[in-house]
Amino acid sequence: MTLLKPTVARVLGWTTLVALIVLALFGLWGAPADAVQSDAQRLMYLHVPAAWIAYLAFGVTAIASGLWLWPRTRSPVWDRMAGASAELGVMFTGLTLLMGSLWGRPVWGVWWAWDARLVTTAVLFFLYLGYLALRRVPGTAEGRAKRCAIAALIAFVDVPIVHFSVTWWRTLHQEATVFDPELKAHIHGVMAFTLWFGVFAFTLLFVYLLDRRYHLECLQEGLEDRELEQAIKDRVRGSVSPPKVEAKVEATVEAGAER
Amino acid sequence: MNLAQEASLVAGKDLRIEARSRVTLQQVLPFGLIVLLLFAFALDPDRGVLRDVAPGLFWVTVLLAALLAISRSFAIEAANGARDGLRMSGLDPAAIFLGKAAAVAVELAALEALLTVGVIVLFDVSLGAIGPLLLATVLATVGVAATGTLYGVLAASSGARETLVPVLLLPVVSPVLLGATRAWEAAIDGASSDAWPWIGVLAVFAVLYTSIGTLAFGPLLEEA
Amino acid sequence: MQPVVRLRSAVCLLGRFPALAGVDLDVASGEVVLLSGGNGAGKTTLLRLIAGLLPLHQGEAEVLGHNLARNRTEHRRYVAFVGHETFCYDDLTARENLRFAARASGASASAADAALERVGLERCAAVSHARLSAGQRRRLALGVALAREPRLLLLDEPHAGLDADGRAVLDAVLEAAAGEDLTVLIASHELDRTRSLASREVVLTAGQAHAAVRP
C-alpha cells in the first residue's frame, strides 16, 4: 500500500539527499555572484524550485481530487494523494513566500511588495490552508474524501480567476512588474544550470516526501481498520456499550424496560 | 414540481423565516453599519481618504456581513434537525442550493442597499454611473451568495461551521472583492468603460460558482 | 411480494463504533413492526439507516426496491422518519411547517391540513414551533411525517412526551396503517401498548436483530 516500492523509495531518498547537497554546493559556491544583487540572488536557487513544487503539488491535488470524484477511478489512493500533495503544496508555498520576503528585503528594500505574482501566491497559500483545515475535520473516510475532493476543485477553479484579476489589478496601477523580463536572457550559464538543477532536485524531494506522507496515511488507516474489526467483534459479544463520544448521537434514547 | 418551483419553495421558506425573526435586519445590518463607522475611526475622515477608499470599505463590509448571513442560513437548518428534514423531503439538492443561495442573495441585496446609503452619508460618496454600478453589485452578490452557500453546507456537513467558513470562503471570494471594488471605483469616477472588464470577471465568477453549487450541493448535503 | 425493507448482515458505523453489527431484517408491505431492545441496542441507528440518513458500511440494504448501498436518497420521498427532533423551523407556525413539508415532498396543502387535524393541533395552527409545548411538538413531528403521505413510516420513541390524547392519536395511526397500505417500523419502550397494535416484534441486542418469541 505505497506509491513506490520500499527499495525504490530508499534509493530515491538517498538520491534526493545527494542532489540537494550538490545544489547547495552549486548555489553557494559554484554559481557566480549576481552583478546587481550580489549574494542575495543565490536565494533564487531555492525560491524558484520551491515555487515550482508548490504549483506542481496543487496540480497533483486537483488531478487526484478529480480522479476520486470520477466514479470509475474512485479509490482511496486519490484521496490520500490529494491530501499528502496539498500538505506539501502549502509547505512549499509558505517557503516560497518566506524566501521571497528574505530576498526582497536586501534587493527591493521591503519585505513585501504588491506584485501580482506575490499576491496570487499568498491567496493560493490561504486557499489551500483552508483546504487543510477541512481535511482535519473528522468524519467517515468516504465523507471526508468527498468533502475534500469537492473543496479542492472549488479552490483550484478559483486559481486562474485570482491570478487573472490580481495581475490585471496590479498592471493597471503599475507600469511594469519588478521582475525584469530581460533578466533571464542575460543569465549566466552556471546560474541557469544551478536553477534547473534546483528544480530537478526539488522535484525528487517532492516525489520522495509525497511517497512518505502517503505511506504514513496508509499506516494510519490500517490501524483504524484493525480497530474497527475488533470493535465489531466486541459489539457482537456485547462486551462494550457505546463510548462516551457516541453517547451524544444516541443520547436522546429514552430509558426503558428490558425484555 | 420543477427545479424553479422547488427552489422558490426553499427560498420562500428562508425569507419567511427572516421576515419573522429579522436576524439579518436587526443584527447583521447594525453590524455592517458599525463596521463602516469604525473605518472612519481607523482612517482619517478629514482628508478625503474615506471617499477615495469607500468602494473597498463597502465591499469588505459586505463580505463580513455575508459571513454572518451564511452562518444564519445554515443555523436555521441545524435547529431541530431541519437539515435531516430537508434530506428526507425528496427535494432536488440543486433546488435547495439555488433556493438557499437566492434567499441569501436577496438578504445581501437589502443589506447592500442600506449600507450604500451609509456610505453616501458617512463617506460623502456620490454614485456616478448607476448602470454599471448596479450590474456589478448584482453579479458580485450572486457570486458571494453562491460560494457562501456552497461553503456553508460544506462546513455544516462536517460539523465545524463557525470557524471553517471564513477561512475557506474569504480566499475564494477575493476576486469578487477586487472586481466589485474596481467596478465601483470606475463607476463612481464616471469612467464606465473601465468598469466593464471587471463586471466580466464578476459574471464569470457568479456563473461558475452557481454551476458548481448546483452540482456539488447534493453530495455535500449527505455527509453527516 | 417484494418486501418493503430487506436487510442482510447490515453494518452501520457511528464514527468508529459499529452501532449495527450485522442486521438481518425483512418487513412486508402493510406490516407494523415493533422494534424493542435496551438503550444502545441500535434501534435509532437501524431506523436512520433505513431512512437513508446513515450510510451502510457493510452488507445489503434494500428499501422500497432501492438498493441503499448504491443510492440512499431516491427512496426518501416515500419514507417518513419521526425521530427525537421535529425537523421543523422555530420561526414558522405549525401549519406553515406542515405545508412546507407536504409541498417539499410533492403532497398537497390539503394533505398538510388533514395531518394537522389528525394529530389534533388545529387550535395551534398559527402558533410558531418555538412556542409549542414539548408534547405539541411531538404531535407536530408526527403530523409532518403524515403530511408527506409516506409509504414507510419510521417511528423512533414516538410515545416519549405524549399525553393520553396524543397516545390515542398515535394508536389510531398504527391501527389505520394496514388499511392505508402504510408500513410502520416503531421503536418503543411502551411495549405492552405497542405489542397489541403491532403485527410482530423484532428484538435488537448489541446491534443484531432477533425475532421475538411470542409467549
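In this text the structure is predicted, and so the values were computed from the model without any measurement. (Residues numbered from 1 in each chain as written. Chains lettered and ligands numbered in written order. Predicted model: local features only at pLDDT ≥ 70, side-chain atom pairs only at ≥ 80, totals over all residues.)

1. Some thoughts on the overall build of chain A
(1) Moving on: Along its length, chain A carries seven helices and zero strands.
(2) Moving on: From first element to last, N terminus to C terminus, chain A shows the α and β order α-α-α-α-α-α-α.
(3) Moving on: Residues counted as buried form 33% of the 259 residues belonging to chain A.
(4) Moving on: Sequence separation of 24 or more characterises 81% of the internal contacts of chain A that already satisfy a separation of 6 or more. (Helix = DSSP H or I, 4+ residues; strand = E, 2+ residues; numbered from the N terminus. Buried ≥ 20, exposed ≤ 12 C-beta atoms within 10 Å, placed from the backbone. Contact = placed C-beta atoms within 7 Å.)

2. Here's the deal with the sheet that holds strand β5 (residues 66-67) of chain C
(1) Moving on: Read across the open sheet, the four strands follow the order β2-β1-β4-β5 (chain C); overall the sheet is antiparallel. For this open sheet the edge positions go to β2 (17-27) and β5 of chain C, each flanked by a neighbour on one side alone.
(2) Moving on: In the sheet, strand β1 (residues 5-14) of chain C pairs with strand β4 (residues 58-63) of chain C via five bridges, with the strands oriented antiparallel. Across the sheet, residue L7(C) finds its bridge partner in β4(C), namely A61(C).
(3) Moving on: In the packing of helix α6 (residues 189-237) of chain A onto the sheet, contacts are made with β1 and β2 of chain C, and the angle to β2(C) comes to roughly 60 degrees. (Pairing = 2+ DSSP bridges. Axes fitted to C-alpha atoms, helices over the stretch in contact; angles between N-to-C directions.)

3. Here we look at the nonpolar core
(1) Moving on: One finds A136(B), A183(B), L202(B), A147(C), L154(C) and V184(C) to be the most contacted residues of the largest nonpolar core, which totals 218 residues.
(2) Moving on: Those residues in contact with A147(C) that sit more than four places away from it in its chain are L98(C), A101(C), A102(C), A107(C), A111(C), A112(C) and A115(C). (Core = buried A, V, L, I, M, F, W, Y, C linked by C-beta atoms within 7 Å.)

4. Side note on the interface of chain A and chain B
(1) Moving on: Residue-level contacts link 22 residues of chain A with 24 residues of chain B.
(2) Moving on: Listed by contribution, the elements that provide at least two residues to the side of chain A that touches chain B are α4 (116-135) and α5 (141-173) of chain A.
(3) Moving on: No other element matches the 14 residues that α5(A) contributes to the side of chain A that touches chain B.
(4) Moving on: A breakdown of the residues in the side of chain A that touches chain B according to their chemical character gives 15 nonpolar, four polar and three charged. (Nonpolar A, V, L, I, M, F, W, Y, C, P; charged D, E, K, R; others polar.)

5. Let's talk about helix α4 (residues 134-147) of chain C
Residue and element names in this part refer to chain C.
(1) Moving on: Spanning 14 residues, α4 covers 20 Å between terminal C-alpha atoms, matching the ideal 20 Å at 1.5 Å per step.
(2) Moving on: For α4, the full list of buried residues reads Q136, R138, R139, L140, A141, L142, G143, V144, A145, L146 and A147.
(3) Moving on: Close packing links the buried residues of α4 with β6 (79-82), α2 (94-104), α3 (109-118), β7 (152-156) and α5 (164-177).
(4) Moving on: Taken from the residues just after α4, E149 is the one with a positive phi, measuring 50 degrees. (Expected span 1.5 Å × (residues − 1).)

6. Some points on the packing of helix α3 (residues 49-78) of chain B against helix α6 (residues 130-158) of chain B
Residue and element names in this part refer to chain B.
(1) Moving on: Relative orientation of the contacting elements α3 and α6 amounts to 45 degrees, with a least axis distance of 9 Å. In terms of their interaxial angle, α3 and α6 are classed as oblique. Between α3 and α6 lies a crossing of right-handed hand. Side by side, α3 and α6 meet where L63, A66, I70, S73, F74, E77 and A78 of the first sit next to V144, G148, T149, G152, V153 and A156 of the second.
(2) Moving on: By residue class, the composition of the contact of α3 with α6 is eight nonpolar, four polar and one charged. (Parallel < 35°, antiparallel > 145°, perpendicular 65-115°, else oblique. Left-handed = near helix turned anticlockwise from the far one by under 90°.)

7. Notes on the environment of F58(A)
All names here are of chain A.
(1) Moving on: By the secondary structure assignment, F58 is in helix α2 (residues 44-69).
(2) Moving on: Distance in space between the C-alpha atoms of F58 and S85 is 6.8 Å, their sequence separation being 27 residues.
(3) Moving on: In this structure, F58 is in contact with G89, L124, Y128 and F156, ignoring residues within four places of it in sequence.

8. Here's the deal with the environment of T167(A)
(1) Moving on: Along the chain, T167(A) falls in helix α5.
(2) Moving on: Classification of T167(A) by C-beta neighbours within 10 Å gives partly exposed; the count is 16.

9. A few points about the pairing of β1(C)
Residues and elements named next belong to chain C.
(1) Moving on: Counting buried positions along β1 gives seven out of 10 residues, so the element sits mostly inside the fold.
(2) Moving on: Sheet topology note: the β1/β2 ladder contains eight bridges and is antiparallel. Bridge assignment links L14 to a residue of β2, and that residue is F17.

10. Re the sheet that holds strand β9 (residues 200-205) of chain C
Residues and elements named next belong to chain C.
(1) Moving on: Pairing in this open sheet of six strands is mixed, and the strands run β6-β7-β8-β3-β9-β10 from one edge to the other. Two strands close off the open sheet at either side, each with one partner strand: β6 and β10 (208-211). Strand-to-strand twist of the sheet, defined as the mean angle between neighbouring strand axes without regard to direction, takes the value 20 degrees.
(2) Moving on: As judged from the five bridges shared by β7 and strand β8 (residues 183-187), these two strands associate in the parallel manner. Residue pairing for β8: D156 is matched across the bridge by A187.

11. Some points on the confidence of the model for chain C
(1) Moving on: Here chain C shows a mean pLDDT of 88. Residues at 70 or above account for 98%.
(2) Moving on: This complex was scored by the predictor with a pTM of 0.87 and an ipTM of 0.88. (pLDDT = per-residue confidence, 0-100.)

12. Section: unusual backbone geometry
(1) Moving on: In the Ramachandran plot, F87(C) falls in the positive-phi region, its phi being about 60 degrees despite a non-glycine side chain.
(2) Moving on: Assignment of secondary structure puts F87(C) in the loop between β6 and α2.

13. Some words on the pairing of β4(C)
All names here are of chain C.
(1) Moving on: Pairing of β4 with β5, which is carried by two bridges, proceeds in the antiparallel orientation. Its bridge partner being in β5, V63 is matched across the sheet by H66.
(2) Moving on: Hairpin connection between β4 and β5: a loop of two residues separates the two successive antiparallel strands, and L64 in this loop has a positive phi of roughly 50 degrees.

14. What to know about the packing of α6(B) against helix α9 (residues 192-222) of chain B
Residue and element names in this part refer to chain B.
(1) Moving on: Where α6 meets α9, the closest approach of the two axes is 8 Å, and the angle between their N-to-C directions is 25 degrees. Between α6 and α9, the crossing angle belongs to the class labelled roughly parallel. Regarding α6 and α9, the two cross each other, and that crossing is left-handed.
(2) Moving on: Its residues assigned to classes, the contact of α6 with α9 shows 24 nonpolar, seven polar and no charged.

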